[in-house]
Structure formats: structure tokens, C-alpha cells
Number of protein chains: 2
Amino acid sequence: MSACRALEARFREIADIEGALAVLHWDQQVMMPPGGAEVRGEQVATLERIAHERLVDPAVGDWLAAAAGEGQDPWRAANLREMRRHHLHAVAVPPDLVAALARAAARAEQAWRRARAEADFALMEPGLREVLALVREKARAKAEALGLDLYDALLDGFEPGMRTATVDRLFEPLEARLPHLLEQVLERQGDAPPPLPGALPVGEQKALGERLMERLGFDFTRGRLDESLHPFCGGVPDDIRLTARYDHDVASGLMAILHETGHALYNGALPREWRGQPVGEARSTAVHESQSLLIEMQVCRSLPFQHLLAPRLQAAYGDPDHPALAPGALYRRAIRVGRGLIRVDADEVTYPLHVILRYRLERAMIEGRLEVLDLPEAWNEGMAALVGAVPPNDAQGCLQDIHWPGGAFGYFPCYTLGALMAAQLAAAIRRAIPDLDEQIAAGDFAPLRHWLREQIHERGCLLETGDLLLEATGEELSATPFLDHLCARYLNS
Amino acid sequence: MSACRALEARFREIADIEGALAVLHWDQQVMMPPGGAEVRGEQVATLERIAHERLVDPAVGDWLAAAAGEGQDPWRAANLREMRRHHLHAVAVPPDLVAALARAAARAEQAWRRARAEADFALMEPGLREVLALVREKARAKAEALGLDLYDALLDGFEPGMRTATVDRLFEPLEARLPHLLEQVLERQGDAPPPLPGALPVGEQKALGERLMERLGFDFTRGRLDESLHPFCGGVPDDIRLTARYDHDVASGLMAILHETGHALYNGALPREWRGQPVGEARSTAVHESQSLLIEMQVCRSLPFQHLLAPRLQAAYGDPDHPALAPGALYRRAIRVGRGLIRVDADEVTYPLHVILRYRLERAMIEGRLEVLDLPEAWNEGMAALVGAVPPNDAQGCLQDIHWPGGAFGYFPCYTLGALMAAQLAAAIRRAIPDLDEQIAAGDFAPLRHWLREQIHERGCLLETGDLLLEATGEELSATPFLDHLCARYLNS
């Protein structure tokens, strides 16, 4: 067996284990009774350990060295590059540290739940300190192995090739422009739209969501829609598990479903002939987020989409003349902006400011410039400066996200990198499909889907992120299309 | 680390993988969209292969040899005995044969589905021949390793310690008595009970099932009830996944739920301190079936239980006076006997005859006395002699069960061994709890559950099956309590 074939077999095995873990994760959020938590935790830990062992196996290193000599077409070469990256990241961190971090993160997440419920940072502080110490150790190990700075070594795990220098360059104009833009939008947007006519029954919300998902191209023979506390898109490409949460505001619930549908369309169209191989996976966290934000923010929160949505909502409510269900009112609702305290509820103008705050703070913690104890104060100062709002307590402040107690440092920038990519892709799509708005209003998403498949989805990890964006849009990633989009949507309408 | 500790860690790991597989299996039957079948098949095959590799690892053999010298309390000693048994069975079969059999069985199951749908045995015949050849090879390998006859070597995989000599001794009085008993019952049982007043909505059937499950002691914080094509009890002890099928006959649907609840009560009460260890598992296939049949046949198809059920059904139908919902009419429905052709629909008088037929035929195939080609004829002859009914086609004959194309030879006897055990346990319970019938009618199952926990559930695999039965009932396993039960229920009422 050639080294390449041995590697492909090994990575297929790892993908099978990770696919099983994806189903277990979905089940845990959607189906599992509470009593199952302990044994499920053990099952997941065992499968994760086995997948990790398979990846750090010295044989993988030997095969990678041997495979460098084998002749390669571009897909195989990219597959080897991605294998090497996964292997490098995994072997960089000693197994004891991986295990210690997993245990500390599990403890800190527990403490975080209590701390957030009681709005008491002190409850989480020792746990987060322990996690941070171990994440810094992990960052040092990865930095040494990859020849990177501490924070870059973590960032590279979520967004391969991305560096703080680039993030700084991209975030700088956002930080310079968004606080003022936010003020302008708040002055101009006028009164809140009229309230929706009460809540729709869950069954009708779900049916509406399913019909919109189908319209966008979701294939229900290869996926499901269920409920969970936090909406997510899980599963594997031929068995996609999307979840929703149905609450009072049917419009915002539908937008969450459409956001996850953007993720689902990406996963469902990954290159079939490379299933189970690293090159067949989605490119990165930020590129994945670009697909959900493209569908949600660029497509579904547009005025044309509200023309598609309005008659469906009017029919569901049985009230064709309700003022809140007119396309214009729905649009005002979809693009309403506010100085909110909570990232996951933030509008697209404010969201990057939340991310910039977290990016600054987590870099400072990783680089030893900020102690965990000083986090609440630094958070509140940052919120005042960036968003112009100070949380009344830490539950609505630095306790709102699970990322840090969970050990995920270096993840936050990807949200906003994804938003920038989504705007840049949307601009390119509008050049390629001049009547995109008419198609959206008519519910014809086939040309859009076709473009996304060809340019992004079906390329998997063939290209690195920068080249993928360059080939798809003709430009290096920049903040300009995003800022142009915000100005066009929020100031020129 | 002592050999014992190393073994415990290894078997805990295997249990984690098997627990994950149990969730994946449930998901496949209950949740998975059709497009997920292929990738799920690969995930399951990979996890099964890894669990098998962990079990046949030569280190396990070394640890087992070393552990024989370590001082043991009874639970640890029993744990080692069960580990040794699992290891012996697994190493007996070469990995290539395991893989070949899995592939052949997957093909034959596919062919079986088509063959059954078209009632065309020829469609399955080549696939079953291939499976049989490989199962016979597996039987030879196990027979040599375990020092057993061919069929016994397979039977031992489902029912440790059980031998054909014992099965023959237990089945002989059944074969001698049941055909005549069946005739007597058919003469005496009179007209069919009045038909139920239409179908209940699925939601009400489910609610009724859940209330009865709770009454029997099912803990919904550690389990769920869902729907699948064939009802089953899956999952793991703290996360039990029970399924039901709701069709026209609400009474028979409820009996299927109660049958699975018997399995669930066993799994849920396995010894907590030995979770993840072989000694903490259910004793065997037949003992498991004894628990479902005890709850279904001995407890829930009794007249006292119909007194508990009747007012609930009357309330669900909103018809307290309907003649079909009176306890007596429900009881006649619950114990209706017939010369049915289909095993899974069979009553408790006829069921053992179906099993005896399959036991004879599969032994003959394993021992080379019956060719696959001659199976339909042998089946129909056997049905005529034992049940007194001949199937009009093979779909209702030798194509009705998945066991053989799936490679499960040696499993069928366990159903009837379980029925014998259930009757013997029920007789012992009636001696220990003289007012059992009053308790059943009042819906008080706590004393029954307490007895089953102490005598069966909480003992896991501490004792071998024979000793477990002997300690619980004071007698060796025999057919007498079962035949006594049938005579009391069907001839003396």
C-alpha cells in the first residue's frame, strides 16, 4: 500500500469516528434524557481520545514523509497538505495536556453555568484561570511546533493561515468606522416596526421553516430539522442535523433557521468524491460562517426576501392585512439595530464590535497582559468604548459566552472574518447575477446556489482560504465590501 | 497497574464504543434520514472494528493470564470470567472471517428485503448460501477454540453455557404437548372479542403508553419513548431508548410497549457500580427475553392487569360503556390464540412451535444436513406438523425473519428459553408475593420490581444463567412452570 493510500484509510477512519461524534453531539442537544449525561460524556471522551490517537500515531508522520515523494494531482496534494496540518496541530500538544485541558474545561463550563445564572464572576474565576493556564501551555507548544506567535498558533487551529497581523489590518477600519456608523444608524432608523400579531404555534413555525429551507435547497432526504436550546447545524454531509428554537418572535426564529441553512448548504455540497478526507471538508471556521451569514444577512434579511416571506407569514397568521406583516415592516424588523449587550442577539452593525472586544481581551490573556481577575473591568471598559453600553452585571457581560471556559481561545475573530467574506462574496455574486434581487423575491435560489457550489462548496479544502476568496471574488479579503454593504443598507435607504 | 485494572480500563473503553453504537443504532431506526444510510454504515463498521480490535488485542490475553493469580472477590472473579468469555469468543474467529461475514450479511439482508417483498426465495438463496458457508466456518473456528459442537459454539455466543442437549430436553415436552394444547385452546376459546371502537390518535396511544411505563417503573429522566418500524429497547442503562409502533389495535400496541418495558427495567437496574464492565451487563439473551415476557405475558396479559388498563382505555376513548373495553373483553383479546404463520405476531401457545421449527432447521443447516435450496420445503413441512398451517408463499414462510440472512444462527432458541424462564420466575414471584394479582390490578408494581431487582437485575452477570435461575426460583430450568401456566390460563378459565 502506498503511503498516500495508508493515509487516506487512516483519515477515513478518523472521519468515521468524528461523524459518529457529530451524531452523538446532536443527540445530546436534541434527544438525550438528562440521566444520560454522565455515560455520554464517557463515550464522547473515549471516541475523541481514539480519534486523537489515530491522528498522532507516529506512522502518520512516516507516511506523510514518504508521501511527499509520490506524484500528486492538485486534490491529492491539497489532501496531503491538510493531513499534514491536522497532524502537526495534533502532535504539537502532549496527550497529558490535551486530557488536562479537557478536564479543566469540563469543570470550568460547569462553573460558568452557575456563575452566569447567579451573575457572579467569582464562581467562574478559578476555573477560567486554570483553563487559561493550560491554554497558554497549549499555545506555547503549538507556537514552538508551528513557528508562530502564541495567539497565532491558536488562531491557526480555527482559521488556517490567518495571522493577527491580517486580523488587525481587517479589524482596524471596522473599529474606526463602526461606532460612528452605529450612532448614525440609531439616529436614522426611526421608531420600532409594529409588533407581530402574537406567537405562531410551534408546528406552524416549523412547517414555515421547513418550506423556506427546501426553497433554499435543503434536501430533507439528507437531513432533518429539530429543536434545541441553541440552534446549530450538525451531523455529516449526507445526514445534516439542523436545529431551531421557537419563541415568540417567529421572524427572528426563521432568520436563525436560515442562518443554519447557510451552513447546511455548504456541508451538503462538499465534494462527494472526497468524503471522509481532509480535503473534502469545509475550508475553515470563518469560511463556514461566511456561508451562514451570506444566506442570513446578505440574502434573507434583504428587502426582496421579505417580499417572498410576507405572503407566507400572512397566510400562516391568516391575516393578509396586518401592518407588521407587510414586506416593508418585516424588513425594518430584520435590519433593526441597537446597542445590545449580548453578542448572539446583536445586529450586523454591532456584532463586529462585540468580536473586536473579545479578540483584544483574549489576545491580552494569552499574551499575559491581562489577568482573569481583571477581565470584568476590562470587559466593561471595552463595551463602553466600542458599543457605548455597559452591562449592569457580568452575566450580561463577560459571562455571556461559553468559549473561554470551554478553552476556545482564537475562535471569536472567525465570526467577523466570516461577515467580511460574506459581504465580499455577495458583491461578487451581484456582479455575476445582476438580477439577484428579483430572483430572491421570486424564491429562485438555484443560480445563487450554483455559484456558491462552484466557487466555494464543491472546492472543499482544495484551496487555502486566501486563494479561495481571491478566485471567487477577484480580490484579497478586505473590510471594504462589508462597510459598503452596511452603508448601502443602513444609510442610503 | 495490575492486570485487573488494565482489563477493567480496556473493557470500559469497549463499553463506551458499544454504548455509542447503541445510540447510533437507535438513531438509525428512529431519526436518520434515508440519505444517511451509507455514511452511517461506514461509521458503524469502523466503531465495531475498533471495539473488536481492542477485545482481541493480545495484551488482553496476557492480562487475563496474569489476573488469574490476583485475589478476587466474587464480583471481580465473575468479571474476569465474563471478560475471558468475550475474549475467547472474539479471538476464536479470524478478523478476515469477521469482515467477510459482515459484508456477506449486509448483502444478504438487502437481498432478503427484496425477496420478502416479492415473496421470491430465489432472490435470497445465493446470499443466504454465502452467509451460511461463512457462519459454518465461524462455527468450526469457535467449536475448536471452545471445545464444543458446531451449533453449541454458536448458541454459546447468545446464551453462555447453554447446550443443545439442554435445549432438546426443554423443548421436547413443548413439542409433545403444545400442538394438542393448541387444538384444545382453539376449541374452547369461543368467538373473537368485540372489535375496539376504532383507532386512537397516535398522541393518545403514546401518552397512555408512557403512563403505563411510568407505572411499571420506567424512569423518563433516564430514557425516552419514540417510534420505529419495529419496537425495540436500545440505548444504555442510564439512557434507555424504547420504541413503539402505533397501528390500529391500540391494545396490541400497548402490549408491545410493555414487552419492551420489561427489557428496559432490566437494563435500568443493572448494578451501577459495575457499569461498563462485563459483569455489569445483562446475563444473556434468554434472561433478557425472560424479563420482557415476564412483564408482557405473565403480568400485563393477565386479567388483573386488564382491570387496571380498562378504565384508562375507556377514558382515552371517552366511552366508559363500550363492550370491547370491559376488562373481560380486553382479557379475551390479550390471550387470543390462533394458528398464525408469523412468529412475531404469534400468541404464547404457538410461539414456541415457531421457535422449535427454526431451531431444528438452523441446526440442520449448520450441521450440513439441510441445504439452503431445500429450506422452503422443510419450512412448510415443519409448519404443517407443528402449527398445523402452511404458508401460501415464502414471504409468510421462511422469508419472514431477518436472523439467518443477518448471520444470527443460534439465536432463535433464546426466545423460548426466555418464555420458560419467565414462567418459572413468575411462579416463584407468586410464592413470594401471594397477593400479586391484587397489586397488579391496583397498579402497584413496587414489590414485583423489588423482587426482580434483587433476584435478577442487580446481579448482572455475577452468576451464570443456571445458578441465577436456581437461586431465584429454587429449581433448575424446566418446561413445567410454562406448561402449567398455559394450562391454567387457557384451559382452566
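Computed from a predicted model, the values in this text were never measured in an experiment.

About the criteria used
Residues numbered from 1 in each chain as written. Chains lettered and ligands numbered in written order. Predicted model: local features only at pLDDT ≥ 70, side-chain atom pairs only at ≥ 80, totals over all residues. Heavy atoms only, no water. Least-squares fit on C-alpha atoms with pLDDT ≥ 70 in both. Contact = heavy atoms within 4.5 Å. Axes fitted to C-alpha atoms, helices over the stretch in contact; angles between N-to-C directions. Helix = DSSP H or I, 4+ residues; strand = E, 2+ residues; numbered from the N terminus. Parallel < 35°, antiparallel > 145°, perpendicular 65-115°, else oblique. Left-handed = near helix turned anticlockwise from the far one by under 90°. Nonpolar A, V, L, I, M, F, W, Y, C, P; charged D, E, K, R; others polar. Buried < 20%, exposed > 50% of the residue type's maximum accessible area, 1.4 Å probe, protein only. Pairing = 2+ DSSP bridges. Expected span 1.5 Å × (residues − 1). Bend = angle between axes of the 7 residues up to and from the residue. Salt bridge = Lys/Arg side-chain N within 4 Å of Asp/Glu carboxyl O. Phe/Tyr/Trp six-rings, centres within 6.5 Å; stacked < 30°, edge-to-face > 60°. Lys NZ or Arg CZ within 6 Å of the ring centre and 35° of its normal. pLDDT = per-residue confidence, 0-100. Core = buried A, V, L, I, M, F, W, Y, C linked by side-chain atoms within 4.5 Å. Arc of directions from axis to C-beta. Polar contact = N/O pair within 3.5 Å; in protein donor to acceptor, adjacent residues only side chain to side chain.

K.L.:
I'd love a proper account of the relation of the copies chain B and chain A, names of residues and values included.
P.N.:
Each copy of the sequence occupies a distinct position, and chain B is placed on chain A by a rotation of 180 degrees and an axial shift of 0.0 Å, giving an RMSD of 0.0 Å. Taken together, the rotation and translation relating the two chain copies correspond to the operation of a two-fold axis. Here 100% of the contact residues of chain B are again contact residues in chain A; the copies associate through an equivalent surface.

K.L.:
Please provide a residue-by-residue account of the packing of helix H9 (residues 202-216) of chain B against helix H12 (residues 303-317) of chain B, values included.
P.N.:
A pair of packed helices is characterised by two quantities: the angle between their axes and the separation of those axes. Residue and element names in this part refer to chain B. Two elements in contact, H9 and H12, have axes whose closest approach is 11 Å; the angle formed by their N-to-C orientations is 150 degrees. Considering the angle they form, H9 stands roughly antiparallel to H12. In terms of crossing hand, the pair formed by H9 and H12 is right-handed. Touching Glu204, Leu208, Leu212 and Arg215 of H9 are Phe305, Leu308, Leu309, Arg312, Leu313 and Ala316, all from H12. Of the residues in the contact of H9 with H12, the class split is seven nonpolar, no polar and three charged.

K.L.:
An account of the pairing of strand S3 (residues 239-244) of chain A is needed here, citing residue identities and associated values.
P.N.:
Every regular strand shows the same layout, with side chains that alternate between the two sheet faces. Residues and elements named next belong to chain A. Burial of S3 is extensive: six of the six residues sit out of reach of the surface. Burial along S3 is two-sided: the residues Asp239, Arg241 and Thr243 and Ile240, Leu242 and Ala244 are all buried. Pairing geometry for strand S1 (residues 223-227) and S3, over five bridges, is parallel. Within S3, the residue paired with arginine 224 across the bridge is arginine 241. Here four bridges tie strand S2 (residues 233-236) to S3, and the two strands are oriented antiparallel to one another. Bridge assignment links glycine 235 to a residue of S3, and that residue is isoleucine 240. The loop that links S2 with its antiparallel partner S3 comprises two residues.

K.L.:
Tell me what's going on with helix H8 (residues 164-188) of chain B, and back it up with residues and numbers.
P.N.:
All names here are of chain B. The end-to-end C-alpha separation of H8 is 35 Å, in line with the 36 Å expected for 25 residues at 1.5 Å each. Considering bend angle alone, the principal kink of H8 is centred on arginine 177 and spans about 35 degrees; proline proline 179 follows within four residues of it. Inspection of H8 places Thr164, Val167, Leu170, Phe171, Leu174, Leu178, Leu181, Leu182 and Val185 among the buried residues, and these make up the whole buried set. At its buried positions, H8 is contacted by helix H7 (150-158), helix H14 (351-366), helix H16 (413-432) and helix H20 (480-490).

K.L.:
How would you explain unusual backbone geometry if you had to name every residue and give the values?
P.N.:
Residue and element names in this part refer to chain A. Positive phi, close to 50 degrees, is recorded for alanine 119, a residue that is not glycine. Structurally, alanine 119 can be placed in the loop between helix H5 (95-117) and helix H6 (121-146). Take alanine 119: its relative accessible area is 32%, and that puts it in the partly exposed class.

K.L.:
Break down the pattern of salt bridges for me, with residues and values.
P.N.:
Taken as a whole and assessed by the stated rule, the structure comprises 72 salt bridges over all chains. The shortest N-O distance in the salt bridge between arginine 49 of chain B and glutamate 53 of chain B comes to 2.9 Å. One end of the pair is arginine 49 of chain B and the other is glutamate 53 of chain B, both in helix H2 (residues 37-56) and four residues apart, which spans about a single turn. In this structure, the salt-bridge partner of arginine 275 of chain B is aspartate 238 of chain B, at a minimum N-O distance of 2.9 Å. With arginine 275 of chain B in the loop between helix H10 (250-268) and helix H11 (285-300) and aspartate 238 of chain B in the loop between strand S2 (233-236) and strand S3 (239-244), the pair connects residues that are 37 residues apart, well separated along the chain. Via salt bridges that share partners, Arg10, Glu13, Arg54 and Asp57 of chain A together with Arg49 and Glu53 of chain B belong to a single interconnected network.

K.L.:
I'd like a rundown of the packing of aromatic side chains, residues and numbers included.
P.N.:
What the rule picks out here adds up to 24 aromatic pairs over all chains. Both rings, one in tryptophan 75 of chain A and one in tryptophan 274 of chain A, keep their centres 6.1 Å apart while their planes meet at 10 degrees; by these two values the pair is stacked. Taken together, the residues span a long stretch of sequence, with tryptophan 75 of chain A in helix H4 (residues 74-92) and tryptophan 274 of chain A in the loop between helix H10 (250-268) and helix H11 (285-300) at a distance of 199 residues. Tryptophan 274 of chain A sits in the buried class, given a relative accessible area of 11%. An angle of 85 degrees between the planes, with centres 6.1 Å apart, marks the rings of tryptophan 379 of chain B and tryptophan 404 of chain B as edge-to-face. Of the two residues, tryptophan 379 of chain B sits in helix H15 (residues 375-386) while tryptophan 404 of chain B sits in the loop between H15 and H16, which places them 25 residues apart along the sequence. The same class applies to tryptophan 379 of chain B and to tryptophan 404 of chain B, which are both buried. Of the aromatic side chains, those joined through ring pairs into one cluster are Phe158, Tyr351, Trp379, Trp404, Phe409, Tyr411, Phe412 and Tyr415 of chain A. Across from the ring centre of phenylalanine 412 of chain A, 5.6 Å away, lies the NZ or CZ of arginine 358 of chain A, which sits over that ring.

K.L.:
Quick rundown of the confidence of the model for chain A? Include the residues and the values.
P.N.:
Summary statistics for chain A give a mean pLDDT of 96 and a share of 99% for residues scoring 70 or more. Interface confidence for the predicted complex, given as ipTM, is 0.94, next to a pTM of 0.95.

K.L.:
Residues and numbers for the nonpolar core, please.
P.N.:
Counting 137 residues, the largest nonpolar core has Phe305 and Phe409 of chain B as its most contacted members. Element by element, the count of residues in this core is highest for H16 of chain B, at twelve residues. Those residues within four positions of phenylalanine 409 of chain B in sequence are excluded, and the remaining contacts are Leu128, Val131, Leu132, Val135, Leu154, Phe158, Glu362, Met365, Ile366 and Trp404 of chain B. In this structure, Leu132, Ile295, Ile366 and Cys398 of chain A belong to the second largest nonpolar core, which totals 136 residues.

K.L.:
Describe the sheet that holds strand S1 (residues 223-227) of chain B, and please don't skip the residues or the numbers.
P.N.:
All names here are of chain B. Spatial strand order, S1-S3-S2: three strands in an open sheet with mixed pairing. The open sheet terminates on both sides in strands that have one partner only, identified here as S1 and S2. Across the sheet, the mean angle from the axis of one strand to that of its neighbour is 20 degrees, orientation sign disregarded. Contacting S1, S2 and S3, helix H1 (residues 3-30) runs over the sheet at an angle of about 30 degrees to S1.

K.L.:
Which residues make up helix H19 (residues 465-473) of chain A, and what values go with them?
P.N.:
All names here are of chain A. Those residues of H19 lying buried are Thr465, Leu468, Leu469, Ala472 and Thr473. Down the axis of H19, the smallest arc covering the buried residues is 100 degrees, so these residues share one side. In the core, the buried residues of H19 are packed alongside H11, helix H16 (413-432) and helix H18 (446-455). A positive backbone phi angle near 80 degrees is found at glycine 474, which sits one or two residues after H19.

K.L.:
Tell me about the sheet that holds S1 of chain A, and please be specific about residues and values.
P.N.:
Note: strands within a sheet are paired through backbone hydrogen bonds, in either parallel or antiparallel orientation. All names here are of chain A. Read from one edge of the open sheet, three strands run S1-S3-S2, paired in mixed fashion. Edge positions in the sheet fall to S1 and S2, since each has one partner strand and no second. Put simply, the sheet's adjacent strands are angled 20 degrees from each other on average, direction ignored.

K.L.:
Explain the interface of chain B and chain A to me, using residue names and the numbers behind them.
P.N.:
Across the boundary between the two partners, chain B contributes 34 residues, which contact 34 residues of chain A. Seen at the junction of chain B and chain A, the total is 16 residue pairs in polar contact (both at pLDDT 80 or more). Within the residue set of the side of chain B that touches chain A, elements represented by two or more residues are H1, H2, S1 and S3 of chain B. Counting residues per element, the side of chain B that touches chain A draws most heavily on H2 of chain B, at ten residues.

K.L.:
Before we move on, could you go through the packing of helix H14 (residues 351-366) of chain A against H16 of chain A and cite the residues and values that matter?
P.N.:
All names here are of chain A. Contact geometry of H14 with H16 gives a least axis separation of 8 Å together with a crossing angle of 140 degrees. The orientation of H14 relative to H16 falls into the category oblique. As for how H14 packs across H16, the hand of that crossing is left-handed. Of the residues in H16, those in contact with Tyr351, Pro352, Val355, Tyr359 and Glu362 of H14 are Pro413, Tyr415 and Thr416. Classifying every residue of the contact of H14 with H16 by side-chain character gives six nonpolar, one polar and one charged.

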